[in-house]
Structure formats: C-alpha cells, structure tokens
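# Fold and contact review
Residue strings, one per chain:
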Amino acid sequence: MGLRSAWNAISAVFKGTGSPATDWNRAADGQQSGQSEPTAASLDPGAVGALPSAANVPSTSPALPQPGLVGLEGDLAGNHIEIGDNITLVGTIKGQGNVIRIGASQNPQTLNLYVFGHDNEILIGSGSLLQNLRIEIGSVRWMCSRARIRIGDGFSIASQGRFILPNSGNLLEIGDRCMFSSNIVVRGGEYPHLVFDNESGAYLDVSDGIFIGNHVWVGEGVFIGKSVTLPDDCIVGTRSVVTKRFDETHCVIAGNPARIVKRSVRWVANEFMLEEQFPAGHAAFSDTQINKVNRAERERAKAKAVSEAQSPAVTVETD
C-alpha cells in the first residue's frame, strides 16, 4: 500500500465517525511532497492493501485465550487479535475494537504491548525479530483512538526498542526489510500537552505521521520524532535525533538535529547476502582484510567442530 492509499484509508475511518479529518486529507492530497511510500504490513504479501481497517473488523476475540497471549491482560474480549507462530504478546489492552495482527516468525519472539483506547490498529508482517519491542498506544490516564502502526515483512529490532503513539490519529508506517538497532525510540507526539502560537492562537503541535521506507537501517540510540520521513535504503547514524522529513534515498542521515552527511550509499545486512543483493559490492568486499579474517575464523571453527565430532567420547569410571 502506498502513502496515499494508507492516508485515504485512515481518512475514510475518520470521516465515517464524523471526526475531523483535515490534516489527514491534506497529507493524502500530496501536500507533503517528496516522501517515500513505505509498504504497509501484511500477513499475506499477496494481499497488501486488503487488510481491513479497525472500523470494519468484527469486535471478537477467542472464547479461550490463544497460545501466545501469555501475560496479555485487560479487555481481550471485544478486540480482534491474530498472532502467528512463535509470537508471544505480553502487556495490557484496555478498550474495544482494537485490531492486532502479527505475522509468524521463525524463532520465538515477544512483543510488549500496551494499548489504551478504542479502534487502534497494530499490523506487523511476517518474519520479524522483535526482541521484546515495547509498543505503547495511549496511556492509563490518556486514552487514544484510531492510532495506526503498520510494519512490513522482515522487520528486525534489537533490545530496548519503544514505539510510542500517545495521541488519537497518530500514524507510524515502516516498510519491508528494515533493521533497527537497540535503544531506539519512535515517538508520534506528546500527551496530553498542547502547543499554540502565542500571537495567532494557531495550534502548532500537529503530527502528520511517521513514514519509514523499505530497507532502512537505524543505528543504536536513535530518536525519531513526529512528522518524520526516512526514504528507502537510508542509514540513520548512532545517537541521531531525527525531527523532519527527508526525501533522498540511499543517504546517511546523522547528527542532532539529523541531516544528510553522505549520499549514494548502499547497505547489506550481512556478507552472506552480499553476492545476491549487490554483486559489485561482493567483489570489492572479497579483497578486504576483514573478509579474509572472517573466512579464516569460519574455517577454524569448522575444523574444530569436525575434530570434536571425530574424537571418541571420554568415559569417566568411578569406583
């Protein structure tokens, strides 16, 4: 699903309830030009864009708790929860009409989930490495409705990650194959603080959504604020503070406040993917000293494993 489609779908939900949709319609009409178009999360890659909105999903939950809902407390009835294999949810959900759909993972993953409000939506694609990611929508004292988190397939994040959407209507979209390091905070706004222009009285604290494209690498300790766009194939440097929209792909974005520090870059998750994903880089990497060291270490480990497998078992006799 492209950026325009996502905004239109969300605007339709707001219009259907009679709530104001001015800011969402403005984004859908293209007044934020140059943004990337991250792919919305899908449990079925062939059905991107077909996921129902929270308003259209029956407010049902299993009569008996599903395997994987270990530690998830609160209002399980009246919400729609689907989780794939190897996914465990812990935390609290308070409210009705919330939609939570998490695709399967190859290895056991735990998601810490705290949802306070109604008709919110959390969609995470398949093959994710969540590492105890903490998602917070609203709070005990500040209920939040119709917030959206949509994350594509193959997403990975290291420890101590937090995604915070405190206000109704907040939106976070992350595309496919994104890799987040540890101690990353993504915050869609503040609650319940309000900021105005002192002279005109205009409300200034508007969040137009956070959009992170496909194949984006975010370094350790990064803070991503509201109204941010990170285009496809970018790298965000360690400890950066990102507070605005970028429109160039294949860039390194770093600093506080973050800015483009290098252009025309390409990253690959690890050397085992290099030959297939970037042949030119594979040829260059093969000649580096680090690759020679890596190969030597792998050969040493392989030889040790073979030697241990061939060694006879030692029997310890006791009196």
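Everything here concerns the structure above.
Predicted model only: the values in this text are computed from it and were never measured.

## Thoughts on the overall build of the protein
If you tally the helices and strands in the protein, you get five helices and 21 strands. In the protein, the proportion of contacts linking residues at least 24 apart, taken out of those at least 6 apart, comes to 39%. For the protein, the accessible surface area stands at approximately 16,000 Å², while carbon and sulfur atoms represent 51% of it.

## Section: unusual backbone geometry
A cis amide bond links Asn256 to the next residue, Pro257, at an omega of 0°. When you line up the elements, Pro257 lands in the loop between strand E20 (251–255) and strand E21 (258–263). Backbone geometry at Asn86 places phi at a positive 70°, although glycine is not the residue there. Locating Asn86 in the fold gives a position in the loop between strand E2 (80–83) and strand E3 (87–94). Assessed through its relative accessible area of 35%, Asn86 is described here as partly exposed. With a phi angle near 60°, Asp119 is a residue other than glycine that sits in the positive phi range. Relative to the helices and strands, Asp119 is located in the loop between strand E5 (109–116) and strand E6 (121–124). The partly exposed category is assigned to Asp119, whose relative accessible area is 23%.

## With respect to the sheet that holds strand E14 (residues 210–212)
One open sheet accounts for seven strands, arranged E2-E4-E6-E8-E11-E14-E17; its pairing is parallel. Here the strands that pair on one side only, and so sit at the sheet edges, are E2 and strand E17 (229–230). With two bridges joining them, E14 and E17 adopt parallel strand pairing. Counted as the bridge partner of Phe211 is Thr229 from E17.

## Things to note about the sheet that holds strand E19 (residues 241–242)
Within a beta sheet, neighbouring strands are joined by backbone hydrogen bonds and run either parallel or antiparallel to one another. Read across the sheet, eight strands follow the order E1-E3-E5-E7-E10-E13-E16-E19 without closing on themselves; strand pairing throughout is parallel. Looking along the sheet, the strands with just one partner apiece sit at the ends: strand E1 (72–74) and E19. The pairing of strand E7 (residues 133–137) with strand E10 (residues 162–165) spans four bridges and is parallel. From the neighbouring strand, Arg134 faces E10, where its bridge partner is Arg162.

## What to know about the pairing of strand E11 (residues 171–174)
Because side chains alternate across E11, one face comprises the buried residues Leu171 and Glu173, and the other comprises Leu172 and Ile174, equally buried. When strand E8 (residues 148–151) meets E11, the two strands line up parallel, connected through four bridges. Within E11, the residue paired with Ile149 across the bridge is Leu172. Pairing between E11 and E14: three bridges, direction parallel. In the sheet register, Glu173 faces E14, and the bridge partner there is Phe211.

## Regarding the pattern of salt bridges
Overall, the coordinates contain 10 salt bridges when judged by the stated rule. Residue Arg148 is joined to Glu121 by a salt bridge in which the shortest nitrogen-to-oxygen separation is 3.7 Å. Separated by 27 residues along the polypeptide, Arg148 in strand E8 and Glu121 in strand E6 bring together distant segments of the chain. Of the residues examined, Arg148 reaches a relative accessible area of 1% and is grouped as buried. Note that Arg134 is salt-bridged to Glu136, the shortest N-O span being 2.6 Å. Here Glu136 falls in the buried class, since its relative accessible area comes to 8%.

## Brief notes about the pairing of E6
The alternating pattern of E6 places Glu121 and Leu123 and Ile122 and Ile124 on opposite faces, both of which are buried. When strand E4 (residues 99–102) meets E6, the two strands line up parallel, connected through four bridges. Paired with Ile100 across the two strands is Ile122, which belongs to E6. The sheet contact formed by E6 and E8 spans four bridges and is parallel. By the bridge assignment for E8, Leu123 is matched with Arg150.

## What about the environment of Ala258?
You can see Ala258 is positioned in strand E21. Taking the C-alpha atoms as reference, Ala258 lies 7.3 Å from Thr243; in sequence the two are 15 residues apart. When neighbours within four sequence positions are excluded, Ala258 is seen to be in contact with Ser240, Val241, Val242, Lys244, Phe246 and Ile253.

Analysis parameters
Residues numbered from 1 in each chain as written. Predicted model: local features only at pLDDT ≥ 70, side-chain atom pairs only at ≥ 80, totals over all residues. Heavy atoms only, no water. Helix = DSSP H or I, 4+ residues; strand = E, 2+ residues; numbered from the N terminus. Contact = heavy atoms within 4.5 Å. Areas by Shrake-Rupley, 256 points an atom, 1.4 Å probe, with all protein chains shown as cover. Buried < 20%, exposed > 50% of the residue type's maximum accessible area, 1.4 Å probe, protein only. Pairing = 2+ DSSP bridges. Salt bridge = Lys/Arg side-chain N within 4 Å of Asp/Glu carboxyl O.

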